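One letter stands for each residue in the lines below.
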Amino acid sequence: MTTMDLHPASIENVPQPDFSKPLPSREGDRVIQFREALREAMSHEMRQDERVFLIGEEVAQYNGAYKVSQGMLDEFGPKRIIDSPISENGFAGMCTGAAMAGLRPIVEFMSWSFSLVAADPILNNVPKMLYMSGGQFGCPIVLRGNDGAGGQLGSTHSWCVEGLFANVPGMKMAIPSNPYDAKGLLATAIADPDPIFFLESERMLGDKAHVPEEQYYIPFGKARLAREGDACTLVSFGRPVNFCLEAAEKLAEEGIEVDVLDMRTIRPLDIESIIESVKKTNRIIVVDQSWPFAGISSEVITQVCERCFDWLDHQPVRVNTEDVPTPYAKGLEYAYLPNPERIADAVRNILP
Amino acid sequence: MTQAATANKGNSKPRLSDELSNDTLLGWLRSMQLIREFETRTMQAYQQAKIGGFCHIYTGQEACAVGTIGSVNHDDPVVLAYRDHGHALARGMDPKACMAEMYGKAAGCAKGKGGSMHMFDKPNHLYGGHGIVGAQTPLGTGLAFAARYEWEVLGTGSKKVCLCYLGDGAIDQGAFFEAMNLAALYSLPVIYIIENNGYSMGTAIHRHSANSENLLARGQAFDMKSVKIDGLDILNVYDQFKPLVDECRDLQRPAFVDFKTYRYQGHSMSDPQKYRTKDEVDEFKAKDSIANLLDHLMNERECIDEDSWKAMRKELAAIVRESVEFSENAADPEPGELYTDVYANPQPNLSPTAEYRHGAKNPLL
């Protein structure tokens, strides 16, 4: 990673992660929840670097609305684990200023849906500050929180912001699908000097898996091949990666094996891994939990057409959430999401 | 006789500003006149289409930038709205870097990527002019947060005060209320300076803000010390503002200032000013802050005369003229600069079309 000393004045920079170091094994019996993996990444970075602090609604005394920050107030105290009022525009903007001045804020949005009232600081200031100051002031900030539908929260609380926000240059966007990646990607996010939009899912916070105790840094822009096959390439981001894996299980019973690529980050987008897989399978389906119009799936498919069109034996296909506001009723919400059945059907439909 | 005693010969009551040295006040006069001269040239360059985009002229309000910035330390952070040339100069930005920025040249303070509304100067602790009305107010809260955090948690800094400027048009923005609430809640050292020139673009204050005669109530609502300052008299600015700075620094608390001032030009260069009368403008020009200070220095302190004032103006005019000539002849940004300063850590595949990289060093760094 390039180290750029943005704020050399009075505060020492921490060393940047060494990405040449191999990642620890995903196999093991240290099974913890997704939320604990996030907490471990934050706590480790906070121990390493005093400039890092966590702010958000209910993160301190309440121990986190979703218990991600449980116990952190006890360890780091109220000056670094800070309860905010319900005032996203205010505290996101405040942290933008703090980041310009050299601190490394982690801003927890209880839901990314609530970040919309902070659109001016997070879209107009955070990603553009380095550019419009001619390289003088960067914005090393991590904005994180729950993204996506799935808990019957209705239209206003179910935003998948990736389609909307990834459009803006100057930001990076990470979206883990499992506890192991959650820890490694968040660690990288906090260490990175650029603004990171980090998308979690309330529906996954209780997911359990082996997570190594040591801190490790998963490089941005490197997808993980979560399952291997040659019939079709499934590309996905965040929670729907798990739906793809479920669909793949079902398809395997029918003798259909697919590649499932967990992209891990949206910006940067590991297009090389997608191309490599498409050259093998000649078919691609992009599974994206945001809306289809001008979204992430559109972007991936455009890049595939630009870069490996001749390798396709079938037009690219996308499986998105349905193009309607998020419904409340359980059945409707399930049908709205890119669920395993819809994904498996899409695969069956494009096979010869 | 001491200087302080001579300074106050026309007044019976001693003033804090009496303690300011003649050199300091001559420096302020110089700074105010520099801004006025600079803005005159800016308007000319804009009319000649050398400067593009939006351009907001500071003429008339000089005592605010110079008096308030003159009351703080150099490492106290400053953040601004888009009417920002005056503060940038008052903070010590090289007029060449300021003018070149408006000309869109590589030698500009933001390498030609910001323009008139985005004057940033890191060595002078200037965290930018900001274009969206009120957007800089949470940033100011954040700069104060960082200052307090550095002092209190990291133990690396001294107690600082952030100056956060906004126009009266910004006081209606929700962001400002949130910014004030957070500053008061966390007890952060930021002073919100409302440069109240009476107009939000073309809408008079009584037409854009409820209870506009009593803006202090808004600061008081958050238990902030709230002060109204007549901003046309720079000595009065110092008399009232300096103690406030000291208090905010010492107690690490926010404050609110309703700073009464007046802009002589329109909101922006494209403003026909049909919302106010020429008489009103003339009435304020008669109370001009530069003329006020000059009068004090000539007739009370007797530290400048007509000849030296003329020489000062001539010298400043030459400095500004040089900044224009410099900007005329300065190089455009390299085409490749389009893709730099987007990321501090550029990586592959951040964009389907752009390859980001590190750019030329900013001329101010």
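### Comments concerning the overall build of chain B
Turning to step 1, where the next piece is worked out: Regarding its fold elements, chain B presents 13 helices and 8 strands.
Turning to step 2, where the next piece is worked out: Here the C-alpha radius of gyration of chain B, 21 Å, is about what a compact globule of 365 residues would show, namely 21 Å.
Turning to step 3, where the next piece is worked out: C-alpha extents for chain B along the principal axes are approximately 70 × 50 × 45 Å.
Turning to step 4, where the next piece is worked out: Out of the 365 residues in chain B, the part that is buried amounts to 59%.
Turning to step 5, where the next piece is worked out: Look at the contacts in chain B between residues 6 or more apart in sequence, and 72% of them connect residues 24 or more apart.
Turning to step 6, where the next piece is worked out: Here chain B displays about 14,300 Å² of accessible surface, and carbon together with sulfur accounts for 50% of that area.
Turning to step 7, where the next piece is worked out: Charge centroids of chain B, computed over 38 positive and 48 negative side chains, lie 1 Å from each other.

### Some remarks on helix 9 (residues 271–281) of chain A
Residue and element names in this part refer to chain A.
Turning to step 1, where the next piece is worked out: If you check which residues of helix 9 are buried, you get Ile271, Ile274, Ile275, Ser277, Val278 and Thr281. The arc that holds the buried residues of helix 9, viewed along the axis, is 165°, so those residues lie on one side.
Turning to step 2, where the next piece is worked out: For helix 9, the elements touching its buried residues are strand 10 (233–236), strand 11 (259–262), strand 13 (284–288) and helix 10 (296–308).
Turning to step 3, where the next piece is worked out: Where helix 9 terminates, the next one or two residues include asparagine 282, which has phi positive at roughly 65°.

### Examining the nonpolar core
Turning to step 1, where the next piece is worked out: The biggest cluster of nonpolar side chains holds 86 residues, and the ones touching the most others in it are Ile122, Phe197, Phe237, Ile274 and Val300 of chain A together with Tyr192 of chain B.
Turning to step 2, where the next piece is worked out: Here this core gets 8 residues from one element, more than from any other, and that element is helix 6 (residues 136–154) of chain B.
Turning to step 3, where the next piece is worked out: Once you skip the residues sitting within four places of it in the chain, tyrosine 192 of chain B turns out to touch Thr137, Thr141, Cys164, Leu166, Phe176, Ala179, Met180, Ala183, Met224, Ala255, Phe256 and Val257 of chain B.
Turning to step 4, where the next piece is worked out: Formed by 66 residues, the second largest nonpolar core is a distinct cluster that contains Trp28, Cys64, Leu80 and Val237 of chain B.

### Section: the packing of helix 3 (residues 88–100) of chain A against helix 7 (residues 174–185) of chain B
Turning to step 1, where the next piece is worked out: It is at 8 Å that the axes of helix 3 of chain A and helix 7 of chain B come closest, and there the two elements cross at 70°. Between helix 3 of chain A and helix 7 of chain B, the interaxial angle falls into the category roughly perpendicular. Handedness of the crossing formed by helix 3 of chain A with helix 7 of chain B: right-handed. Across from Glu88, Asn89, Gly90, Phe91 and Met94 of chain A in helix 3 of chain A, the residues of helix 7 of chain B making contact are Ala175, Glu178 and Leu182 of chain B.
Turning to step 2, where the next piece is worked out: Considered class by class, the residues forming the contact of helix 3 of chain A with helix 7 of chain B number 4 nonpolar, 2 polar and 2 charged.

### Regarding the pattern of salt bridges
Turning to step 1, where the next piece is worked out: What the rule picks out here adds up to 39 salt bridges over all chains.
Turning to step 2, where the next piece is worked out: The partner of aspartate 233 of chain B in a salt bridge is arginine 15 of chain B, with the nearest N and O atoms 3.6 Å apart. Of this pair, aspartate 233 of chain B sits in the loop between strand 7 (225–230) and helix 10 (234–251) while arginine 15 of chain B sits in the loop between helix 1 (3–7) and helix 2 (22–47), and the two are 218 residues apart along the sequence.
Turning to step 3, where the next piece is worked out: Owing to a relative accessible area of 22%, aspartate 233 of chain B belongs among the partly exposed residues under this scheme.
Turning to step 4, where the next piece is worked out: One salt bridge connects glutamate 328 of chain B with lysine 50 of chain B, and the closest N-O pair in it is separated by 3.2 Å. Residue glutamate 328 of chain B is found in helix 13 (residues 306–329), and its partner lysine 50 of chain B is found in the loop between helix 2 and helix 3 (62–69); the two are separated by 278 residues along the sequence.
Turning to step 5, where the next piece is worked out: We classify glutamate 328 of chain B as partly exposed; its relative accessible area is 32%.
Turning to step 6, where the next piece is worked out: Here the salt bridges do not stand alone but share partners, grouping Arg26, Asp181, Arg224 and Arg264 of chain A into one network.

### As for the domain arrangement of chain A
All names here are of chain A.
Turning to step 1, where the next piece is worked out: Taken as a whole, chain A is organised into domain 1 (31–210) and domain 2 (224–350).
Turning to step 2, where the next piece is worked out: Its C-alpha centre places domain 1 at a distance of 26 Å from the equivalent point of domain 2.
Turning to step 3, where the next piece is worked out: Of the residues lining the interface, 31 residues belong to domain 1; the matching set on domain 2 comes to 25 residues.
Turning to step 4, where the next piece is worked out: With both chains or domains summed, domain 1 and domain 2 bury close to 2,200 Å², and 54% of this area falls on carbon and sulfur atoms.
Turning to step 5, where the next piece is worked out: Counting the surface domain 1 buries against domain 2, the share from its top three residues, Gln152, Ile175 and Ser177, is 28%.
Turning to step 6, where the next piece is worked out: Across the salt bridge formed by aspartate 181 and arginine 264, the nearest N and O atoms sit 3.1 Å from each other.
Turning to step 7, where the next piece is worked out: Seen at the junction of domain 1 and domain 2, the total is 15 residue pairs in polar contact (both at pLDDT 80 or more).

### Some thoughts on the interface of chain A and chain B
Turning to step 1, where the next piece is worked out: Contact residues are listed per partner, giving 62 residues for chain A and 55 residues for chain B.
Turning to step 2, where the next piece is worked out: The contact between chain A and chain B buries some 4,600 Å² in all, and 60% of this surface belongs to carbon and sulfur atoms.
Turning to step 3, where the next piece is worked out: When the buried area of chain A at its contact with chain B is split by residue, Met94, Tyr131 and Gln136 of chain A rank highest and sum to 17% of it.
Turning to step 4, where the next piece is worked out: At the junction of chain A with chain B, the criterion picks out 1 salt bridge.
Turning to step 5, where the next piece is worked out: The salt bridge involving lysine 79 of chain A is made with glutamate 152 of chain B; its shortest N-O contact spans 3.2 Å.
Turning to step 6, where the next piece is worked out: Here chain A and chain B share 25 residue pairs in polar contact (both at pLDDT 80 or more) between them.
Turning to step 7, where the next piece is worked out: Here the side of chain A that touches chain B gets 10 residues from one element, more than from any other, and that element is helix 3 of chain A.
Turning to step 8, where the next piece is worked out: Per-class residue counts for the side of chain A that touches chain B are 29 nonpolar, 18 polar and 15 charged.

### Here we look at the side chain of serine 116 of chain B
All names here are of chain B.
Turning to step 1, where the next piece is worked out: One can find serine 116 in the loop between helix 5 (95–102) and strand 2 (126–129).
Turning to step 2, where the next piece is worked out: On the basis of relative accessibility, which here comes to 5%, the residue serine 116 falls in the buried class.
Turning to step 3, where the next piece is worked out: Leave out the neighbours within four places in its chain, and serine 116 touches Phe54, Cys55, His56, Tyr82, Asp84, His85 and Met102.

Procedures and definitions
Every chain's residues receive numbers from 1 upward, in the order its sequence appears when written. By the order in which they are written, chains take letters starting at A while ligands take numbers starting at 1. Per-residue local features are limited, in this predicted model, to residues with pLDDT of at least 70; the limit for side-chain atom pairs, both in listing and counting, is 80 or more; totals at the level of whole chains, interfaces and linings are taken over all residues. Computation of side-chain values: all heavy atoms of the structure, hydrogens and water removed. The numbering of helices and of strands both runs from the N terminus, where a helix is a DSSP run of H or I of at least 4 residues and a strand a run of E of at least 2. Both definitions apply: the radius of gyration is a C-alpha atom measure, and the globule rule equals 2.2 Å times residues to the power 0.38. Categorising residues by exposure relies on relative accessible area from a 1.4 Å probe, with only protein chains included: less than 20% of the type maximum marks a residue as buried, more than 50% marks it as exposed, and the intermediate range marks it as partly exposed. When checking whether two residues touch, look at their non-hydrogen atoms; a contact exists if any pair is within 4.5 Å. Working definition of accessibility: Shrake-Rupley area with a 1.4 Å probe, residue cover restricted to the visible protein chains. Here Asp and Glu are counted as negative and Lys and Arg as positive; His is not counted, and neither are the chain ends. Charged groups are reduced to one reference atom each: NZ for lysine, CZ for arginine, CG for aspartic acid, CD for glutamic acid. Regarding the arc, it is the one traced by the directions from the helix axis to the C-beta atoms. To define a nonpolar core, start from buried Ala, Val, Leu, Ile, Met, Phe, Trp, Tyr and Cys residues and group those joined through side-chain atoms within 4.5 Å. Every angle, taken between N-to-C directions, lies between 0 and 180 degrees, and every axis is a line fitted to C-alpha atoms, over only the stretch in contact when it is a helix. Under this scheme an angle from 65 to 115 degrees is roughly perpendicular, one under 35 degrees roughly parallel, and one over 145 degrees roughly antiparallel; angles in between are oblique. Whether a crossing is left-handed or right-handed is set by the direction in which the near helix is turned from the far one by less than a right angle, anticlockwise for left-handed and clockwise for right-handed. Three categories are distinguished: nonpolar for Ala, Val, Leu, Ile, Met, Phe, Trp, Tyr, Cys and Pro, charged for Asp, Glu, Lys and Arg, and polar for the others, with Gly belonging to the last. The salt bridge criterion pairs a side-chain nitrogen of Lys or Arg with a carboxyl oxygen of Asp or Glu, the two atoms within 4 Å. Each domain's limits were defined by an automated method or a database of domain assignments. Buried area adds together the accessible area that both of two parts lose upon being put together, with accessible area traced by a 1.4 Å probe. Two N or O atoms form a polar contact when they lie within 3.5 Å of each other; inside protein one atom must be a possible hydrogen donor and the other a possible acceptor, and for residues adjacent in sequence the pair counts only when both atoms belong to side chains.

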